[in-house]
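# Architecture and fold: a report
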Amino acid sequence: MNDPDPRTLTRAREGDLGAFEDLVRQYQGDVWRFAYHFTRDRSLADDVTQEAFLRAFRFLRGFRGDSKFTSWLFRIARNCAMDQIKARNVYVERVTPIAATTADPQARVELHAALDAVSAEHREPFLLVEVFGLSYQETADVLGVRVGTIKSRMHRARRAMMDALEVEEEAR
Amino acid sequence: MNHDQAERLLSARIDGERLAARATAALDQHLETCAECRAFERGAYRLREAVRFEVAPAVPDLVDEVMTAVGAQTERPRSRLRVVRPQRSPRRSILPRLAPVAAALVVGALIGSLVVGGPWQRPEAGSAFAATDVVEGISAAAARLDAYRASFAIDERHLSPDVPERHLAMRVWFEAPERFRLDVVDHTDYPTTTTPTDLKLVVDGSTSYASGPSPCPTATCPQRESVVRNRLPFSTAAAAPTDLVLPISTLADADRLTVLGRGTVLGRPAVRVEVPFERAEPLFPFLSIGGDWRPFFPNDRVRIWLDERNWFPLRWNVYPATGAERDAWALRFGLPDEPSLRSVFSVRALDVSLDTPDASVFDIPVTASAQDQGAREVDLSDVRRETGFEPIAPGTVGGLDRYRAVLPRDDSGETLVAYADGLEFLNLGETRSWNGDAPFGPVGVQAEEVPLTGGGVAYYEPASQDHGRRIAIHAAGTDLYLESNLPRSRLLAAAAALPVQGLPMPAAWTFRRVGAATAERVSLETARASVPFPIELPSDLPAGFGLASVELVDAGYGAGVTLYLRDEDADAGIGTIRLHLEAASELPPATSADQSSVDIGVLPGRFTPDRSQLEWIDGGLYRSLDAPGLALDELLAIAISIGADEPDG
């Protein structure tokens, strides 16, 4: 994922709404997909995206450029998604369980079941690296952990998902 | 180098991370001799393929919304930070229509205008009303209601620590078949500058409008307007929340409501009923239109006073549920201690009238942009010219009158004819060129097969969050669907009266692939003849639940069976109960950190809370039971009853 034109970024930091709008246009798709992977809920992904850009606008002056802009933006989006998930946890799981289609053994072979099978701690780096193409360093920046941690979580995520996906082949 | 180290290095290399030369050499050497690690590498690439080729969801364009919110933030700098109230639920545009269970009964006529006022009393001991009386009464009243207007007072507790109480006013207007308006005006005296929760929702046939403050992290949030043009008749995506007029969705199911007693509310004889919040959501449509509202727990109790003569909801209160789960939930939302006997939210009718509202009430404000649902209104006489076929469109269906016809999407070759009477509706969709791999319309391949009186079969699904009750009919040369808020029995009768003979699902629909497994819809008898183990059904199911469909599942190592058990009226709350069986001597490996061991009768089993799933082995048979809306004790009761007293012999 490419970082924005530094001039656009500078103008946006100075409060140029047109420049910020360019950033929104450029990254809304990635932020939304990221939010959707997190929440598996379209309307919630809309909210997370909107709030992430609102927060990004508010804190843009504080962005010092010590990580990539995209890593910084994803970190904000992640925080917004976590807030939403925490906020709605009990309620939504009762109303629209995310795992509603993945519970029986035939669905163990499904990708989503496999994603459900790994903990959030492992799913997050996996999605950032595999789906969004971030490097380990960028992923570490987004998640606020060390690169070595990403390395071992990627390994464990892969192992767990493969186990979940191939459990029939191997178990029988 | 051991497997773990090798896999870790492999994993990094697959991700394009640079390895030290020595590590690379050691890894390649290990791979040459280790089949297991080579399998890991192949598996990782297969996984990548699966993840990257997963169908990406369509991404919405949010630039305008974001920039509006950003603009509002720059124009009105925040005076202070405020606790941001979390979202309660995925915000569906408006809640769905559901419908009542039993056939209509004649109830007292709705006469004139009534004005309610004065103190209310405690219910009398005992009750002459049964739950079915309430459900049937509301159902019968629904068809008779042509017009309605009312005003209400809304009181809310515990929005946030600095806003312990709020007071709002609500007005509602309705005119059959499809005109509705809801206004909410926020009279709260906020301690600081805050955008009031002022809401407006107008539905007028093919157009609808909604406005309210959008959720935002600040106290002053931008107003958001949305308009839907070329709206589908009785669109559930842009619905009129008519439960405020008559709670036909909330109180659709006699099995799930409790009659508490009778009394007098505001001078009127009234009956009081209780349902959990998760079923009463249609009585709180304002929560999803916009603004800031307190959260509610699914099991919070909603007590509703209904006018005995016409079934209008006169007053409803939310009382906190009890228990550790609710306490933990409340803590997360930063709610104070809420005693279970003290109402935290109330809606009170101030006056109710059956007068027809002025037409101008339903005027839709002019706005720049609108979402287009693509439904083009047509004269029935023109449909043949447009689509090349004469749709099946009797003057009345299920006792409802033909109301309007649309072509739902240009060039789709589909027609949609809507029928209505009072608050009841039925949509009849048709196409002559259906080539999908599932029934036409919002009906899935796991729908229940129902025989129609007069011959033929149809496929039925109960009401859900997104749809009313619906039926698909696959007939020679044509495919139809019906969607309605009519009770099941009336919907089935309406389908049976159509001049078509429903055929069983073609083979192409009954067979599907699920990853590496295949699933085939079969009859229970076929399933029994196809697997080497007995298929026993649970005898203890929630009221109203029955077997909807059966699938034979083959994941390449022997046959399994999945049974789908559903409520015949509405999916709200519990959802579909699935029971899967296959021959196995041990449970599959654990897949979630939250799994725990439970005893299922005398057998050891496993419970996965985030999937509401029980798994256990019983005499060489693996069983998996799950239902999104059931708690562990409810799942256990069902599990233990399997085979105990088989309902179908």
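So, how was this worked out
- Residues numbered from 1 in each chain as written.
- Chains lettered and ligands numbered in written order.
- Predicted model: local features only at pLDDT ≥ 70, side-chain atom pairs only at ≥ 80, totals over all residues.
- Heavy atoms only, no water.
- Helix = DSSP H or I, 4+ residues; strand = E, 2+ residues; numbered from the N terminus.
- Buried < 20%, exposed > 50% of the residue type's maximum accessible area, 1.4 Å probe, protein only.
- Contact = heavy atoms within 4.5 Å.
- Areas by Shrake-Rupley, 256 points an atom, 1.4 Å probe, with all protein chains shown as cover.
- Expected span 1.5 Å × (residues − 1).
- Salt bridge = Lys/Arg side-chain N within 4 Å of Asp/Glu carboxyl O.
- Pairing = 2+ DSSP bridges.
- Axes fitted to C-alpha atoms, helices over the stretch in contact; angles between N-to-C directions.
- Phe/Tyr/Trp six-rings, centres within 6.5 Å; stacked < 30°, edge-to-face > 60°.
- Lys NZ or Arg CZ within 6 Å of the ring centre and 35° of its normal.
- pLDDT = per-residue confidence, 0-100.
- Polar contact = N/O pair within 3.5 Å; in protein donor to acceptor, adjacent residues only side chain to side chain.

Attention now moves to the overall build of chain B. Within chain B, the secondary structure is distributed over 13 helices and 30 strands. Residues classed as buried in chain B amount to 57% of the 649 residues present. In chain B, once contacts between residues fewer than 6 apart in sequence are set aside, the share between residues at least 24 apart is 65%. Here chain B has roughly 26100 Å² of accessible surface; of this, 50% comes from carbon and sulfur atoms.

Let us now look at helix α8 (residues 147-165) of chain A. With 19 residues, α8 of chain A extends 27 Å between its outermost C-alpha atoms, agreeing within 8% with the 27 Å of an ideal straight helix rising 1.5 Å per residue. The complete set of buried residues in α8 of chain A reads T149, I150, S152, R153, M154, H155, A157, R158, M161, M162, A164 and L165 of chain A.

A separate point is the pattern of salt bridges. All chains considered together, the criterion is met by 48 salt bridges over all chains. D5 of chain A is the salt-bridge partner of R7 of chain A, the closest N and O atoms lying 2.8 Å from each other. Two residues, D253 of chain B and R256 of chain B, come together in a salt bridge whose shortest N-O distance is 3.7 Å. Of the two residues, D253 of chain B and R256 of chain B, both sit in the buried class. When salt bridges with common partners are traced through the structure, they connect E178, R231, E377 and R404 of chain B into a single cluster.

On to the sheet that holds strand β22 (residues 511-514) of chain B. Residues and elements named next belong to chain B. Taking strand neighbours across the sheet as the criterion, the nine strands line up as β22-β23-β24-β25-β26-β30-β29-β28-β27 in an open arrangement whose pairing is antiparallel. In this open sheet, the two edge strands, each paired with only one partner strand, are β22 and β27 (596-600). Across the sheet, the mean angle separating the axes of adjacent strands is 25 degrees when strand polarity is ignored. As judged from the nine bridges shared by strand β24 (residues 545-554) and strand β25 (residues 559-567), these two strands associate in the antiparallel manner. Its bridge partner being in β25, G546 is matched across the sheet by R566. Most of the contacts of helix α13 (residues 632-640) go to strand β29 (residues 613-618), to which it runs at about 30 degrees, and overall it touches β26 (577-583), β27, β28 (603-608), β29 and β30 (621-626).

Let us look at the packing of aromatic side chains. Residues and elements named next belong to chain B. This model, assessed by the stated rule, comprises 21 aromatic pairs over all chains. Summarising the aromatic geometry, the rings of W293 and F345 are spaced 6.1 Å apart at their centres and angled 55 degrees between planes, so their arrangement reads as tilted. Here the residue W293 occupies a position in the loop between α7 (286-289) and β9 (301-307), and F345 occupies one in strand β11 (residues 345-353), the gap between them amounting to 52 residues. A residue is classified by how much of its surface remains accessible, and W293, at 0% relative accessible area, is buried. Chaining the aromatic ring pairs together yields one cluster made of F277, F284, F286, W293, F296 and F345. Over the ring of W293 we find R166; its NZ or CZ atom is 5.1 Å from the centre of that ring. The residue whose ring lies beneath R303 is Y319, and the NZ or CZ to ring-centre distance is 5.5 Å.

This part is about the confidence of the model for chain A. In the predicted model, chain A carries a mean pLDDT of 75, and 79% of its residues have values of at least 70. Low pLDDT, under 50, characterises residues 90-109 of chain A; the stretch is placed with 86 contacts to residues that sit more than four places away or in other chains.

All names here are of chain B. The omega torsion of the bond from A176 to P177 falls at -5 degrees, within 30 degrees of zero and hence cis. Its place among the elements puts P177 in the loop between β2 (163-175) and β3 (179-186). Even without glycine at this site, H158 takes up a positive phi of about 65 degrees. Among the secondary structure elements, H158 is positioned in strand β1 (residues 147-160). Positive phi values are uncommon outside glycine, yet S612 reaches one of about 45 degrees. Relative to the helices and strands, S612 is located in the loop between β28 and β29.

Where a strand is regular, its side chains alternate between the two sheet faces. Residues and elements named next belong to chain B. Across five bridges, β27 lies against β28 in antiparallel orientation. From the neighbouring strand, S597 faces β28, where its bridge partner is R606. The antiparallel pairing of β27 with β28 creates a hairpin that spans two residues between the two strands, and G601 there sits at a positive phi of about 60 degrees. Bridge count between β28 and β29: four bridges; the pairing is antiparallel. Of the residues in β29, the one forming a bridge with G605 is W616.

A few words now on the environment of S484 of chain B. All names here are of chain B. As for its placement among the helices and strands, S484 is situated in strand β21 (residues 478-484). What makes S484 buried here is its relative accessible area of 1%. C-alpha of S484 to C-alpha of A420: the two residues are 64 residues apart in sequence and 9.5 Å apart in space. One polar contact links the side chain of S484 to the main-chain carbonyl oxygen of F425, over a distance of 2.6 Å.

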